[in-house]
Amino acid sequence: MTAVQGVVAPGFEAVGEAFAAAFEGLPEMGAALAVRVDGQTVVDVWGGTADSRDGRPWERDTPSVVFSCTKGLMSILAARLVADGTLDLDRPLAEIWPDFAAQGKDRVSVGDALAHRAGVSAPRVDVTRAQLLDVDAMASLVAAQEPLWEPGAGWAYHALTHGWLSGEIVRRVGGVTAQVAFAAMAEAVGGGAWLGMPAEIAASVAHLRVGPTLSALVERQAAERDPRAVDWLDRAMTLGGVLPATLVTDDDGFNADDVRAAVIPGAGAVATARAVAAMWSATVAETDGIRLLDDDTLDVVTRERTAGAPVFAAPAPWPRWAAGFQLDSAARRYLGPTSFGHDGAGGQVAFADRAARVGFAFVTNWMEADDPRATRIVDALRSVV
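Residues numbered from 1 in each chain as written. Predicted model: local features only at pLDDT ≥ 70, side-chain atom pairs only at ≥ 80, totals over all residues. Heavy atoms only, no water.

Chemist: Which parts of the structure should I look at to understand the overall build of the chain?
Modeler: Along the chain, the regular secondary structure elements total 14 helices and 14 strands. On C-alpha atoms alone, the chain measures out to a radius of gyration of 19 Å, which is about the 21 Å that the 2.2 N^0.38 rule sets for 385 residues. Seen along its three principal axes, the alpha-carbon backbone of the chain occupies a region of about 55 × 45 × 40 Å. When the 385 residues of the chain are sorted by exposure, 57% land in the buried category. In the chain, the share of contacts with a sequence separation of at least 24, taken over all contacts with a separation of at least 6, comes to 68%. Surface accessibility of the chain: about 14600 Å² in total, with carbon and sulfur atoms responsible for 50%. (Helix = DSSP H or I, 4+ residues; strand = E, 2+ residues; numbered from the N terminus. Rg over C-alpha atoms; globule rule 2.2 N^0.38 Å. Buried < 20%, exposed > 50% of the residue type's maximum accessible area, 1.4 Å probe, protein only. Contact = heavy atoms within 4.5 Å. Areas by Shrake-Rupley, 256 points an atom, 1.4 Å probe, with all protein chains shown as cover.)

Next up, the structure:
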């Protein structure tokens, strides 16, 4: 059995046990879990292997790519602009970002853009690596694109493009780049998270592995793909082939240093579980002397904006979305109806809960598609809060 290190507060033993059970049958997995309640740490545990190539263990401060959990953290930044009165979710995005008005997108609201309703879930052109690594180039590409459907009339998951939308909202309204705003938020609650990996931490970042259920899913999707039709869901993930469908290979995708060092606000944050949990905790409770969002703002930014079937067919159950936040649903179970957060590719899960005053983050480098690990940990937490 994988040795688990760290601390579990009395009363939360079931949560620690569920974390330890997540390693069963996965001897090369590494992971960390952090939970705060009322701002106080109740679970801070880690274990396993950070890099199976050399056996490097997962340590207390091992950071990892958190994939689409990044979207939730970017949505906190947008919500902070709502809180200070500088961002109106019902305002047309083009009033903030004039270039986005191109190709009939002039009436897309900020709220629609954050709720996956902007019509630019995937690029019509194949993205180059140079573009992927250049946040300004990607923002320009998204702004210029003809929408894939009538904006606001439906939704599709903006797997990567969401980040260039939220990033421009933060930059143009907040007056600083998404990278700078993200760094300030992380540092306010203790650090340990970056949007754009600094060179000095590269050697400590966990190496990502693709597990069998994710490999099988991608292979099945490729076999079922109609070569005569554009697979917009695949393009949303790969951007036309610049990224693999699994998002990583052994030495490329989000395992490549240049990709992890780039500012990719839809999927590219590198963080410890402790840092992610602290940021979520600070949205609902004072955490290390900081409260990131007030209750009145939470009422606005966590209101459901998107639900039901997407534009491009995908099997139910479907997620629910607020202003960038993923809400509790059959597709992603959190603690309950007052939870809001975002999961990430391969098994990452991070969220807050208003009623329980919880901040939660589970981070792993072993990526699966059919994945009960975090769900079982959340179930255990629900039983004790």
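Chemist: Whenever I open this one, the nonpolar core confuses me. Can you help?
Modeler: Most often, soluble globular proteins keep nonpolar side chains buried together rather than apart. In this structure, Leu 87, Phe 100, Leu 165, Phe 254 and Trp 280 are the most contacted members of the largest nonpolar core, which totals 96 residues. Residue contacts for Phe 100: discarding those within four places in its chain leaves Leu 93, Lys 105, Val 108, Ala 118, Val 120, Val 142, Ala 143 and Leu 165. One finds Leu 26, Met 29, Val 37 and Val 45 within the second-largest nonpolar core, a separate group that totals 28 residues. (Core = buried A, V, L, I, M, F, W, Y, C linked by side-chain atoms within 4.5 Å.)

Chemist: Which parts of the structure should I look at to understand the environment of Trp 232?
Modeler: With respect to the helices and strands, Trp 232 occurs in helix 10 (residues 232–238). Along the chain, Trp 232 and Ile 76 lie 156 residues apart, while their C-alpha atoms are 28 Å from each other. The residues contacting Trp 232, other than those within four sequence positions of it, are Ala 122, Pro 123, Arg 124, Leu 148 and Phe 312.

Chemist: What is the right way to read helix 7 (residues 161–174) from this model?
Modeler: The terminal C-alpha atoms of helix 7, which comprises 14 residues, lie 20 Å apart, in line with the 20 Å expected from a rise of 1.5 Å per residue. The buried fraction of helix 7 is high, at 11 of 14 residues. If you follow the buried residues of helix 7, they end up packed against helix 2 (69–83), helix 3 (93–96), helix 4 (110–114), helix 5 (129–132), helix 6 (135–144) and helix 8 (178–188). Residue Gly 175 follows helix 7 closely and has a positive phi angle near 85°. (Expected span 1.5 Å × (residues − 1).)

Chemist: I would appreciate a short explanation of the side chain of Ser 329 in the present structure.
Modeler: Summarising the element assignment, Ser 329 is placed in the loop between strand 10 (326–327) and strand 11 (339–344). Ser 329 sits in the buried class, given a relative accessible area of 5%. Setting aside anything within four residues of it in sequence, one finds Ser 329 in contact with Trp 318, Pro 319 and Arg 320.

Chemist: Would you mind going over the packing of aromatic side chains with me for this structure?
Modeler: Where two aromatic rings form a pair, the distance of their centres and the angle of their planes describe that pair. If you walk through the whole model with that rule in mind, you get 12 aromatic pairs. With a centroid separation of 5.4 Å and an interplanar angle of 75°, the aromatic rings of Phe 67 and Phe 254 are classed as edge-to-face. Here Phe 254 lies in the loop between helix 10 and helix 11 (257–261) and Phe 67 lies in the loop between strand 5 (64–65) and helix 2, a separation of 187 residues in the sequence. Take Phe 67 and Phe 254: they sit in the same class, and that class is buried. An aromatic cluster is built from Phe 19, Phe 23 and Phe 362, whose rings are joined through pairwise contacts. Of note, Lys 105 hangs over the ring of Phe 100, and the distance from its end group to the ring centre comes to 4.8 Å. (Phe/Tyr/Trp six-rings, centres within 6.5 Å; stacked < 30°, edge-to-face > 60°. Lys NZ or Arg CZ within 6 Å of the ring centre and 35° of its normal.)

Chemist: What is the right way to look at the pattern of salt bridges in this model?
Modeler: In a structure, side chains of opposite charge can pair up when their charged atoms sit close to one another. Applying the stated criterion across every chain, the model contains 27 salt bridges. In this structure, Arg 260 and Asp 257 form a salt bridge, with 2.8 Å as the shortest nitrogen-oxygen distance. Taken together, the residues span about one helical turn, with Arg 260 and Asp 257 both in helix 11 at a distance of 3 residues. Across the pair Arg 320 and Glu 304 runs a salt bridge whose closest N-O atoms are separated by 2.7 Å. Separated by 16 residues along the polypeptide, Arg 320 in strand 9 (residues 320–321) and Glu 304 in the loop between helix 13 (295–301) and strand 9 bring together distant segments of the chain. (Salt bridge = Lys/Arg side-chain N within 4 Å of Asp/Glu carboxyl O.)

Chemist: What should I look at first to understand unusual backbone geometry in this one?
Modeler: Working note: non-glycine residues mostly have negative phi, and peptide bonds are mostly trans. Residue Pro 317 is reached from Ala 316 by a cis peptide bond, and omega for that bond is 5°. Note on placement: Pro 317 falls in the loop between helix 13 and strand 9. The residue Leu 239 is not glycine, and still its phi comes out positive at about 60°. Checked against the element boundaries, Leu 239 lands in the loop between helix 10 and helix 11. Residue Leu 239 is classed as buried on the basis of its relative accessible area of 0%.

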